[in-house]
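Topology and contacts: notes
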Amino acid sequence: MTKYKGEKQISSCSKKYPHIMPLFREFIDSHYPEFKFESVYVNRNTVAKKHLDSKNTGESLIVGFGNYTGGKTVLYTSDGKEKKFSIKSHSLMFNGSEIEHASEPFEGTRYSLIFF
């Protein structure tokens with residue numbers, strides 16, 4: 001889903017690739033069935049600088065996969081400390097509009113899926 005002029009609508013990617021969202025739903029149903037989402041960001045080889053999300057508010061679930069090393073997700077606590085997580089071995093859920101976060105450099109091919 002995306003918003004255009006304040007109204008939710010199906011994204012152009014979902015229209016172009018209608019078979020993908022059912023696969024994402026199947027994955028979440030097998031991984032964490034209680035988690036509800038409307039959208040998914042798909043990233044390939046992305047290293048994110050420290051930021052807050054503006055589009056996806058509320059809880060997000062992030063998972064990584066691919067043939068890569070490094071690339072941990074970093075969450076910054078309110079007291080300025082860093083907590084690092086490997087999204088390749090475990091999914092991570094947090095509110096990216098409230099918790100600053102980034103990703104570390106990596107080697108190889110890294111995909112991340114962010115469900116929100």
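Refer to the preceding data block for the structure.
Residues numbered from 1 in each chain as written. Predicted model: local features only at pLDDT ≥ 70, side-chain atom pairs only at ≥ 80, totals over all residues. Heavy atoms only, no water.

Side note on the overall build of the protein chain
Quick reminder of the rule: Secondary structure elements are taken from DSSP: a helix is a run of H or I of four residues or more, a strand is a run of E of two residues or more, and numbering for both begins at the N terminus. When we talk radius of gyration, it's over C-alpha atoms, and the globule rule is simply 2.2 Å times the number of residues to the 0.38. Between buried and exposed lies partly exposed: a residue is buried under 20% and exposed over 50% of the maximum accessible area for its type, with that area taken using a 1.4 Å probe on protein chains only. Should any heavy atoms of two residues lie within 4.5 Å, those residues are counted as being in contact. We get accessible surface area from the Shrake-Rupley algorithm with a probe of 1.4 Å; when it comes to residues, only the shown protein chains can shield them. Charge assignment in this entry is limited to Lys and Arg as positive and Asp and Glu as negative, and neither His nor the chain termini are counted. Where a charge lies is defined by one atom per residue type: Lys uses NZ, Arg uses CZ, Asp uses CG and Glu uses CD.
In terms of helices and strands, the protein chain carries two helices and 11 strands. For 116 residues, the compact-globule formula gives about 13 Å, and the C-alpha radius of gyration of the protein chain, at 15 Å, lands near that figure. Taking the principal axes of its C-alpha atoms as reference, the protein chain extends roughly 40 × 30 × 25 Å. Burial status across the protein chain gives 32% buried among its 116 residues. Taking the contacts inside the protein chain whose residues are at least 6 apart along the sequence as the reference set, 75% of them involve residues at least 24 apart. Of the accessible surface of the protein chain, which amounts to about 7800 Å², a share of 53% is contributed by carbon and sulfur atoms. Measuring between centres, the 17 positive side-chain charges of the protein chain sit 6 Å from its 13 negative side-chain charges.

What to know about the sheet that holds strand β9 (residues 101-103)
What counts, and what does not: In this scheme, strands are said to pair when DSSP sees at least two bridges between them. Note on geometry: axes are lines fitted to C-alpha atoms, helical ones only across the stretch in contact, with angles between N-to-C directions running from 0 to 180 degrees.
Pairing in this open sheet of three strands is antiparallel, and the strands run β7-β6-β9 from one edge to the other. Every interior strand has two partners, whereas the edge strands, β7 (82-85) and β9, have only one. Taken pair by pair, the neighbouring strands of this sheet meet at an average axis angle of 25°, ignoring direction. In terms of strand pairing, strand β6 (residues 73-76) meets β9 through three bridges, oriented antiparallel. Residue pairing across strands places T73 opposite S103, the latter belonging to β9.

Here we look at unusual backbone geometry
The phi dihedral of N45 falls on the positive side, at around 55°, and the residue is not glycine. Tracing the backbone shows N45 in the loop between β3 (40-44) and β4 (59-65).

A short note on the pattern of salt bridges
Threshold: We define a salt bridge as a contact between a side-chain nitrogen of Lys or Arg and a carboxyl oxygen of Asp or Glu at a distance within 4 Å.
Applying the stated criterion to the full structure yields two salt bridges. Residues E100 and K50 are paired through a salt bridge, measuring 3.7 Å at the closest nitrogen-oxygen approach. Pair noted here: E100 is in the loop between β8 (92-95) and β9 and K50 is in the loop between β3 and β4, with a separation of 50 residues, a long-range link. When its relative accessible area of 34% is taken as the criterion, E100 is described as partly exposed. With a relative accessible area of 46%, K50 lands in the partly exposed category. Notably, a salt bridge pairs E104 with K84, separated by 2.7 Å at the nearest N-O pair. One end of the pair, E104, is in the loop between β9 and β10 (106-108); the other, K84, is in strand β7, with 20 residues separating them in the sequence. The class of K84 is partly exposed, set by a relative accessible area of 45%.

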